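Descriptive analysis of the structure
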Amino acid sequence: MLYFSRWKTISIWGVVLLGVIFAIPNLFSESFRNSLPGWVPDRPMTLGLDLQGGSHILLAVDRNDLVNERLQTVRDDIRTLLRDAKIGYTGLSGTGTSVQVRIREANEVEKAKTALATLTQPVTNSLFGTGAISELTLEEPEQGLLRYTLTEAGINYRMSSAVTQSIEVIGRRVNELGTTEPTIQRQGADRVLVQVPGLQDPQRLKDILGQTAKLTFQMVDQSVPVQEAIQGRPPAGSSVLYSTDDPPVPYLIEDRVIVSGENLTDAQATFDQRTNEPVVSFRFDGKGAARFGQATQQNVGKLFAIILDNQVISAPRINEPILGGSGQISGNFTPESANDLAVLLRAGALPADLTIVEERTVGPSLGADSVAAGEFAAIIAGILVVAFMLVAYGTLGIIANVALAANVILIIAILSVLGATLTMPGIAGIVLTVGMAVDSNVIIYERVREERRWGRSLVQSLDQGFARALATIVDANFTTFIAAVILFYMGTGPVKGFAVTLAIGIVTTVFTAFTLTRWMIAFWLKHYKPKELPNGLIRFIPDDTKLPFMSWRRYAFTLSATASLAAVILFFSVEMNYGIDFRGGTSIEVQSKDGPADSAAVREVLNELNMGDVQVQEFGSDRDLLIRVEGQQAGDNAEQSVVEKVRLSLEDSYDFRRVESVGPTVSSELAWAGTMGILASLVAMLIYIWFRFEWQFGLGAVIATVHDVTMMVGLYVVSGLEFNLTSIAAILTIVGYSINDTVVVYDRVRENLRKYKKMPIEQLLDLSMNQTLSRTVLTGVTTLLALIALYLFGGEVIRSFTFAMIFGILVGTYSSIFVAGPLLILFRLRPEGSGADNKDDAKLPTTAQPSQT
């Protein structure tokens, strides 16, 4: 395995060189990258919103609003069609998802059905590719009563059409703001995800997205005083609407729309030449200009209303016909609000109301701080791991460190090529990979040392060390890869970024361990011709330890059972500190503009806003505060009202660095997805280990992993750490790490089962644990070094995340020895007394030659 042909050498270093070429653009500024020739790779990694600032907003199409609007359209169509056919009718009304009308004359019922036949004609469903569907069905519950009902397929068709149209409209609106590389995409059946990086004014984005921008021109009904209509009942065909003034002014508006925003061809913010006030000038298309001109000709001296989203912007008097097809909208505009309205009108109206069900906004200053903290933590972690490997392995440690550097370069290169987004948890994933990548080298080096102790030559020891470590490394890394894949498909946002970096890190780790490391060792053997394996400065674990792990299993089982039972009892009796991801609500990080923050004063101000339970605590420096507001019971829109109230109350004294708002709909979905992610990963790992080993191994590994998950949950309950989406990422990572650790031990148990066929199971497990003890300790230490650096220097945002990871590494290491191993005895992997007739097999001389198989 230590021979490399020329083409293999060129291929290995070619891959590393490509990694360097594609990773280098991340070191240069954008202006320098733009000056490079076109054939030179210049694409850096995409930083997530939590690193560069920006807004993540998830919008949901309001199904009820869409149904109501569709019913209104059907009512209008029925009225128009029957009038055109000169058919008398009465009782035109709509309830639920149905519209019904009664035909006055019995002999005109069939004629009415014919006139209304277009309503039930199938429409082509190109969105779903399922052919034609019927949006309406016709029923006649009694003679002359026609009832048209919206079908479920028709509603779904309209919903899908609305989402598609909303994406187009939102894209036009966001592009008008001049932002760079926004992401606008469908998510699920009724949602639109909007991500705008580097946004300086996230509130303006919300205002732009939150408005339907349905512009209509309608006549003011002056047949009765508006106060009389308010106190009694408005005339048929008219409704009371209010202006945007403070206080609002009521108007009685005819329901008939003269012209709508669909007829606009342009809208621009400008200034009125007479008053110099900001206004919005507009221009109609030919059809709109004709209809508007005809309406103003027929209604000179009357009032007409300009209405935006059911609010009257202005209601001027028609002094003369307006025939030019253009005009202007005046109101209480500022230059910015006039420009925003022009943007909305140019982009077009949304087909239905959109509700913000999730918001995550990070200010640019916090993003810059996160980048700086992540970079510093990564450097410290790298230095610690490199130094540790040099101390532990000497020359082999240098080789491992070169492979580790290549590993990190390849991760960055792949992230750059794929255009993947690097988030703060993604940096955590890279730092974790730095720690875990050493594991492959540790497994190889410890196996080489073991082979050397058994009397093999140096070359044979190195060759057999790589060969025997291959299956162990593949099995161990593949189980962690399963956790990463499940986390990617079931996670959202930053958690998905963590999964991407972890999965890429696993692939590059296996590549560097079995190609680059092996090539460098072959080069070292060929050119330096060493006579013995180099020793490190310190031997952390002595050779041939004989710790009686299995004799301690009853104490370990008692400890684990007691701790697990306590964790379960606490989970059901003490409420966890759930974050807004799972319970809904609002979390806001603010920073004082001048001097230390006053948490008591902020708490007092916010308690007066009547928003329910409000928590204010110091967060990081003395200038930073974290504000948590409980979930509102009035639905998703209420969460946005909370953000607006807090902003208005504090914006004079505080900068808003991070805003996260999750409505009740999304929070329940995230909780379900998180739980399913953990369960799915456990099942997938059980199946894989069962397939690769035996059922006792698979069940033992899963029970040990469930033990680790239970301990992690207990940590969150006891410590009061916030349990959120990143907590799910931490648990799933520990699931992968624990399985990795357990598989390494189980792989040695399986090997020894074949080698010592008559050895008692307790003794065989002790042997296997001791043989892998050095690797277990060294891998745990390197991973902990990386995580401790991240905990100390990675910033407040991920401190609780890394603390949970540190605890999980310790628990996972413990369970792989004291839970996973003894379970094989409990499951009778080898029946008791199997070694009674072969005592010699149970004796292990320290210099015994291993089998060649």
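Before any of the text, the structure's been laid out above.
Residues numbered from 1 in each chain as written. Predicted model: local features only at pLDDT ≥ 70, side-chain atom pairs only at ≥ 80, totals over all residues. Heavy atoms only, no water.

Turning to the environment of Tyr716, a few remarks are in order. Its place among the elements puts Tyr716 in helix α21 (residues 695–719). When the C-alpha positions of Tyr716 and Arg233 are compared, they lie 58 Å apart, and in sequence the two are 483 residues distant. The contacts of Tyr716, once residues within four sequence positions are left out, are Met576, Leu721, Glu722, Phe723, Ser727, Ala730 and Ala804. (Helix = DSSP H or I, 4+ residues; strand = E, 2+ residues; numbered from the N terminus. Contact = heavy atoms within 4.5 Å.)

Glancing now at a nonpolar patch on the surface. A cluster of nonpolar side chains, Leu17, Leu18, Ile21, Phe22, Ile414, Val417 and Leu418, forms an exposed patch at the surface whose accessible area comes to about 590 Å². Looking at the nonpolar patch, the elements that each hand over two or more residues are α1 (6–23) and α12 (395–418). Top element by residues in the nonpolar patch is α1. It accounts for four residues. Of note, Phe22 is situated in helix α1. (Patch = residues over 30% accessible without salt bridge, like charges linked within 9 Å, V, L, I, M, F, W, Y side chains within 5 Å. Areas by Shrake-Rupley, 256 points an atom, 1.4 Å probe, with all protein chains shown as cover. Salt bridge = Lys/Arg side-chain N within 4 Å of Asp/Glu carboxyl O.)

With that settled, the discussion passes to the pattern of salt bridges. Within this structure, the stated rule accounts for 28 salt bridges. With its nearest N and O atoms 3.6 Å apart, the salt bridge here joins Lys113 to Glu110. Of this pair, Lys113 and Glu110 both sit in helix α5 (residues 109–115), separated by three residues, roughly a single helical turn. Salt-bridge contacts for Asp439 lead to Arg775; the nearest nitrogen and oxygen are separated by 2.8 Å. Of this pair, Asp439 sits in helix α13 (residues 424–453) while Arg775 sits in helix α23 (residues 761–793); the two residues are 336 residues apart in sequence, bridging distant segments of the chain. The residues Asp439 and Arg775 share a single accessibility class, namely buried. Taken together, the salt bridges that share partners define one network made up of Arg447, Glu450, Glu451, Arg456, Arg468, Arg748, Glu751 and Lys755. (Buried < 20%, exposed > 50% of the residue type's maximum accessible area, 1.4 Å probe, protein only.)

Attention shifts here to the side chain of Ser238. Structurally, Ser238 can be placed in strand β12 (residues 238–243). Apart from the residues lying within four places of it in its own chain, the contact partners of Ser238 are Asp221, Leu252, Ile253, Glu254 and Asp255.

This part covers the nonpolar core. Ranked by internal contacts, the top residues of the largest apolar core, which has 133 residues, are Leu415, Ile521, Phe697 and Val749. Not counting the four nearest positions on each side in its chain, Ile521 is found in contact with Leu396, Ile399, Tyr445, Leu462 and Phe466. (Core = buried A, V, L, I, M, F, W, Y, C linked by side-chain atoms within 4.5 Å.)

With antiparallel pairing, four strands are arranged side by side in an open sheet as β3-β4-β8-β7. Two strands bound the open sheet, and with one partner strand each, they are β3 (89–95) and β7 (136–142). Each strand of the sheet is rotated relative to its neighbour by a mean of 20°, with strand direction disregarded. (Pairing = 2+ DSSP bridges. Axes fitted to C-alpha atoms, helices over the stretch in contact; angles between N-to-C directions.)

Quick look at helix α22 (residues 725–755) now. Since the α-helix advances by 3.6 residues per turn, residues separated by three or four positions end up pointing in the same direction. Here α22 spans 45 Å end to end across 31 residues, near enough to the 45 Å set by a 1.5 Å rise per residue. Most of α22 is tucked away: 28 of the 31 residues are buried. (Expected span 1.5 Å × (residues − 1).)

The next subject is empty space enclosed by the protein. One water molecule sets the probe size; rolling that probe over the atoms shows where empty space is left. Counted under the stated rule, the structure contains five cavities of 30 Å³ or more. One number sums up the size of the largest cavity: a volume of about 140 Å³. Breaking the lining of the largest cavity down by element, the ones donating at least two residues are α13, α14 (458–490), α22 and α23. In terms of residues, the lining of the largest cavity owes the most to one element, α13, which gives four residues. Broken down by class, the residue content of the lining of the largest cavity amounts to three nonpolar, three polar and seven charged. (1 Å grid on protein atoms, 1.4 Å probe; cavity = no way out; pocket = protein on both sides within 12 Å on 5 of 7 lines; lining within 4 Å. Points joined across faces, edges and corners; volume = space filled by probe spheres on them. Nonpolar A, V, L, I, M, F, W, Y, C, P; charged D, E, K, R; others polar.)

Strand β24 (residues 654–662) sits mainly inside the fold: eight of its nine residues count as buried. Where strand β19 (residues 354–362) and β24 come together, five bridges link them in antiparallel fashion. Following the sheet pairing, Thr361 is matched in β24 by Val659. Pairing of strand β21 (residues 585–592) with β24 involves eight bridges; the strand directions are antiparallel. The partner of Ile588 across the bridge, within β24, is Val659.

Attention now goes to the sheet that holds β24. What the eight strands build is an open sheet, ordered β9-β10-β2-β19-β24-β21-β23-β22; its pairing is antiparallel. Edge positions in the open sheet fall to β9 (183–187) and β22 (614–619), since each of these has one partner strand only. Direction aside, neighbouring strands of the sheet carry axes that sit 20° apart on average. Here eight bridges tie strand β2 (residues 54–61) to β19, and the two strands are oriented antiparallel to one another. Following the sheet pairing, Ala60 is matched in β19 by Thr355. Contacting β22, β23 (621–630) and β24, helix α18 (residues 599–607) runs over the sheet at an angle of about 160° to β22.

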